[in-house]
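Now for the letters of each chain:
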Amino acid sequence: MTVNDFLDRYAGRKLDLESLSSYEQWALPFFHRTDAVKEPHLQMTLQLDITEALVYYRKEVKPLAGATFTGYLIWHLAQTSQGHPCFRYRCIEGEWYILDNPPVFTPIAIGGDARFSETLLENVIPATLAEFFPYYQSQLERARNREDFQPLSNLEWGGALFVGNLPNLQFSGFSLHMPATSTGRPYFYFGKRYQQGDRDFIPMLVTFDHANLDPFVLSPFMEDFEAAIAGKV
């Protein structure tokens, strides 16, 4: 797959740097300067209150064919990125682009000799929930039936929104190893749901490239994501 093929497939285009804020024009190159910044990625683990989201999901969404709460979270992460363009910036071969329809990469633990498989979910943003759930289930089944580990191309790997799930681990902190080349794509990891009093929570790791993302832009992204999963938008 060439860069042009990748951009065509995922509705990518060159980022107009002059249209960005003065901070972004400074940050995009600065945090990828190896002589200035040793590690551009920041990581934080949030304890996401999903009490209202679970109520809404069970009442309004669970009846849909193939529905899972994990799939629901994945779909909403992709949808929320529509209103927050910097989550769709990607640095490819030293140039910055924006993807209007980025794929979603999900690692799958399958056990056995293979141990892990993976799936690349495409066209998540234009899909409705009713369309996404059966597609998501079919891709999970396809990944589980693979006998050999088959890694993605570098372009797909570096350009996809990364969403992992560890349903058996209630973590309060989690660090990912970072690739040698930073592409600007965010990483999300969900953990085991738990209760505190009458509230439901889920651990959520967020790893982001400081070149295009930071806590300042993460905050409104999370506000919109939490409102969306609770059915408030």
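Each remark here, short or long, concerns the structure printed above.
Sequence order as written defines residue numbering, which begins from 1 separately in each chain. Per-residue local features of the predicted model are confined to residues with pLDDT of at least 70, and side-chain atom pairs are confined, for both listing and counting, to 80 or more; whole-chain, interface and lining totals are unaffected and use all residues. Only hydrogens and water are set aside when side-chain values are computed; all heavy atoms of the structure are taken into account.

Things to note about the sheet that holds strand β1 (residues 12–14)
Basically, it comes down to this: Strands were regarded as paired on the criterion that DSSP finds at least two bridges between them. Runs of H or I in DSSP of at least four residues are treated as helices and runs of E of at least two as strands, each being numbered from the N terminus. Axis angles are defined between N-to-C directions and span 0 to 180 degrees, where every axis is a line fitted to C-alpha atoms and, for a helix, only to the segment in contact.
Read across the sheet, three strands follow the order β1-β4-β3 without closing on themselves; strand pairing throughout is antiparallel. Edge strands, defined here as strands with exactly one partner in the open sheet, are β1 and β3 (89–92). The sheet shows a mean angle of 40 degrees between the axes of neighbouring strands, direction not considered. Where β3 meets strand β4 (residues 95–99), four bridges bridge the pair, whose relative direction is antiparallel. Its bridge partner lying in β4, R90 is registered against Y97.

A short note on the packing of helix α4 (residues 69–80) against helix α5 (residues 129–144)
To keep things clear, this is the line we draw: Comment on the angle field: the value is read as roughly parallel under 35 degrees, roughly antiparallel over 145, roughly perpendicular from 65 to 115, and oblique elsewhere. If you view the pair so one helix is near and one far, a crossing is left-handed when the near helix is turned anticlockwise from the far one by less than a right angle, and right-handed when it is turned clockwise. In this analysis, two residues are considered to be in contact whenever any of their non-hydrogen atoms come within 4.5 Å of each other. Residue polarity follows a fixed list, in which Ala, Val, Leu, Ile, Met, Phe, Trp, Tyr, Cys and Pro are nonpolar, Asp, Glu, Lys and Arg are charged, and the others, Gly among them, are polar.
At their nearest, the axes of α4 and α5 sit 10 Å apart, and the two run at 120 degrees to each other. With respect to their mutual orientation, α4 and α5 come out oblique. Viewed along their axes, α4 and α5 form a crossing whose handedness is right-handed. Where α4 approaches α5, its residues T70, G71, Y72, I74 and W75 are matched on the opposing element by L129, F132, F133 and Y136. The residue inventory of the contact of α4 with α5, partitioned by class, reads seven nonpolar, two polar and no charged.

Observations concerning α4
Applied cut-off: To estimate the expected span of a helix, subtract one from its residue number and multiply by 1.5 Å. Each residue's exposure class comes from its accessible area (1.4 Å probe, protein chains only) as a fraction of the maximum for that residue type: buried when under 20%, exposed when over 50%, partly exposed otherwise.
Between its terminal C-alpha atoms α4 stretches 16 Å, which fits the 16 Å expected from twelve residues at 1.5 Å a residue. Most of α4 is tucked away: eleven of the twelve residues are buried. Regarding α4, the residues found buried are F69, G71, Y72, L73, I74, W75, H76, L77, A78, Q79 and T80.

Topic: the pattern of salt bridges
Condition: The working definition used for a salt bridge is a side-chain nitrogen of Lys or Arg within 4 Å of a carboxyl oxygen of Asp or Glu.
In this structure the tally under the stated criterion is seven salt bridges. In this structure, R33 engages D35 in a salt bridge whose closest nitrogen and oxygen atoms are separated by 2.9 Å. What makes R33 partly exposed here is its relative accessible area of 40%. Residue D35 is classed as exposed on the basis of its relative accessible area of 60%. Between D49 and R199 there is a salt bridge whose closest N-O contact spans 3.2 Å. Of the two residues, D49 sits in strand β2 (residues 41–49) while R199 sits in strand β10 (residues 199–209), which places them 150 residues apart along the sequence. You can call R199 partly exposed: its relative accessible area is 31%. Overlapping salt bridges bring together R13, R88 and D100 as one network.

Considering the pairing of strand β7 (residues 161–165)
Moving residue by residue along a regular strand, the side chains alternate between the two faces of the sheet. Of all five residues making up β7, four are buried, and the element is well covered by its neighbours. Looking at chain direction, strand β5 (residues 104–111) and β7 are connected through two bridges and run parallel. Across the sheet, residue V104 finds its bridge partner in β7, namely L161. Where β7 meets strand β8 (residues 187–190), four bridges bridge the pair, whose relative direction is parallel. Note on β8: the bridge partner recorded for F162 is Y187.

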